[in-house]
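Each chain, written out:
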Amino acid sequence: MIHVPPRRHPRPGSAPPHWAPRAGLGLLLAVSGAIGAVAGASAPASASSPSPSDYLCYVAGSGQQTSVTNAFAGYLEVELSTTACSSPTADTSTGLSVSFSVVTSPSGPSATFSPSANAGASGGLAYVVAYANSVVGAFAVTATSAAAPGQSVTFYLDNVAGPPATITAGVGASQSTLVGSAFPLQLAVTVQDSSKNPIVASPVTFSIVAPGTASGAFSTTGSTSATVYTDASGVAVAPPLIANDAVGGFAVTASVPGYSAVATFALVNDATATFSVQAVTPSLLVRGTRDATLVVSGTGFAPGDHASFSTTAITVQSVTDVSPTTLRLRVTVRPTAPAGSSSLTVTSPDGATVTGANVLLVTPTVAEPTPAPILIRFPATSATLSAAARLQLTLYLDKLVDGAAVRLTSPVAPRGVAQARARAVDDFLRARLTRLRVTLVTSPASPRNAVRVVTTAN
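Anyway, here's the lowdown on the structure attached to this text. (Residues numbered from 1 in each chain as written. Predicted model: local features only at pLDDT ≥ 70, side-chain atom pairs only at ≥ 80, totals over all residues. Heavy atoms only, no water.)

A word on the overall build of the protein chain
Okay, so step 1: Looking only at helices and strands, the protein chain features two helices and 33 strands.
Okay, so step 2: Among the 458 residues that make up the protein chain, the fraction classed as buried is 39%.
Okay, so step 3: Long-range contacts, defined here as pairs at least 24 residues apart, represent 68% of the contacts in the protein chain between residues at least 6 apart. (Helix = DSSP H or I, 4+ residues; strand = E, 2+ residues; numbered from the N terminus. Buried < 20%, exposed > 50% of the residue type's maximum accessible area, 1.4 Å probe, protein only. Contact = heavy atoms within 4.5 Å.)

Listed below in structure tokens is the structure:
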């Protein structure tokens, strides 16, 4: 490409912020019959020899951006002047040149220069064309010249990502789910330019292709399409996709503006799974446990299911159908429950049954020592737990088992403050051990400005 040298650019009254003129040098003039010192800017010795003390002035080119691997639209241009840059006078000497160089690391965002990094000056003006490399980011270019020692001009440039060149489906490109349920992996794509740079903040539209009997809907739109935007890594994640009630396969495509290719996802709606019980969590309970929550994993669960264990000493108080693959049970294990494994049977509303063999283990009660009583002290008239009191209670809780019985004793008077203090301790304990049995009592023998904490059963 042939570039025509630019015209001299008009300038405002003050120079741009990118240049820094060298201080003027004193010029000693010899005058016949007398010697006088006159201060002023230096100038070339003649029109045919370069000056060693020019000013290097900014002309144009800073603040540009372009797509990676493309040329910046404007020249990077400077001028060698025999006067200050606020009112430049071109140095027309021959042999003047300016060198352009990138400040940042070559492995990061950068540029090359045409015709070369060293530009000869014509009429004082020197310029180059900059070509962005393949790395996205901002960087700086400096211009220097032997004719203006100690001076430089800085240009600030920015390489931006090019147009989309690839759109790649993520790990959820091929997957299946039960009819009526969400696909386990959200659909995602990565969008990049031809240099593998991420395309940021680009809209990506996910669409079900020619919806037929088997199809689905995106959770946020309730329809067969949804548009999201790529993040800083060029990744766009679609909302959860919910399969409809029809068995079969279908496709989803992801597209971006300005690029004709699409990413394709092959999805399958599976028939309802067989009735099964696979696991119970937690899989171990201690004799005497009350109101424990168990999560049952399996398939084919439906509202109205019933559940029971092989030993009647484990009582199922309630059954909650969380999803076709999850049940939540609330159970109590009697103190007389036999130690060992127990099986769980789930019965559907239509009478079908399925049993998970030996999914729950009952162990004997573990005896825990009763912790020594502690005294929680309060400042005068205050019912607020101090940091030391909270730490004291936290350490005490570590010694209690679920369902332990605790008695809090406070002074009889002053009644309102004493009750508030006991309630503060009660709230702290119950918030951290929900099935704790706490009793509040008053006693004339209880120390003033304190609450005694005593475990009566652990």
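Text resumes after the structure shown.
Description of the packing of aromatic side chains
Okay, so step 1: Overall, the coordinates contain eight aromatic pairs when judged by the stated rule.
Okay, so step 2: Relative to Phe155, the ring of Phe100 has its centre 6.2 Å away and its plane inclined at 40°; by these criteria the two rings are tilted. Of this pair, Phe100 sits in strand E6 (residues 97-102) while Phe155 sits in strand E11 (residues 153-160); the two residues are 55 residues apart in sequence, bridging distant segments of the chain. The burial state of Phe100 is the same as that of Phe155; both residues are buried.
Okay, so step 3: Here the aromatic rings of Phe275 and Phe301 are separated by 6.3 Å at their centres, their planes lie at 80°, and the arrangement is edge-to-face. Here Phe275 is found in the loop between strand E21 (263-270) and strand E22 (276-281), whereas its partner Phe301 is found in the loop between strand E24 (292-299) and strand E25 (306-309), with 26 residues between them in sequence.
Okay, so step 4: By relative accessible area, which is 21% here, Phe275 ends up partly exposed. (Phe/Tyr/Trp six-rings, centres within 6.5 Å; stacked < 30°, edge-to-face > 60°.)

What about the pattern of salt bridges?
Oppositely charged side chains can pair when the atoms bearing their charge come close.
Okay, so step 1: A full pass over the atoms with the stated rule returns three salt bridges.
Okay, so step 2: Arg330 serves as the salt-bridge partner of Asp291, at 3.1 Å between the closest nitrogen and oxygen. Taken as a pair, Asp291 in the loop between strand E23 (284-286) and E24 and Arg330 in strand E27 (residues 326-333) lie far apart in primary sequence, 39 residues in all.
Okay, so step 3: Judged by its relative accessible area of 34%, Arg330 is partly exposed.
Okay, so step 4: Between Arg423 and Asp426 there is a salt bridge whose closest N-O contact spans 2.6 Å. Here the residue Arg423 and the residue Asp426 both occupy positions in helix H2 (residues 415-432), the gap between them amounting to three residues, near one helical turn.
Okay, so step 5: Since its relative accessible area comes to 41%, Arg423 is described here as partly exposed. (Salt bridge = Lys/Arg side-chain N within 4 Å of Asp/Glu carboxyl O.)

Some thoughts on the state of the cysteines
Okay, so step 1: Evaluated as defined, the whole model comprises one disulfide.
Okay, so step 2: The side chain of Cys57 participates in a disulfide bridge whose partner is Cys85; the two sulfur atoms lie 1.9 Å from each other. Measuring the twist about the S-S bond at about -85°, one finds the Cys57-Cys85 disulfide to be left-handed. Highlighted residues: Cys57 in strand E3 (residues 55-60) and Cys85 in the loop between strand E5 (76-81) and E6, separated in sequence by 28 residues.
Okay, so step 3: Take Cys85: its relative accessible area is 4%, and that puts it in the buried class. (Disulfide = S-S within 2.5 Å.)

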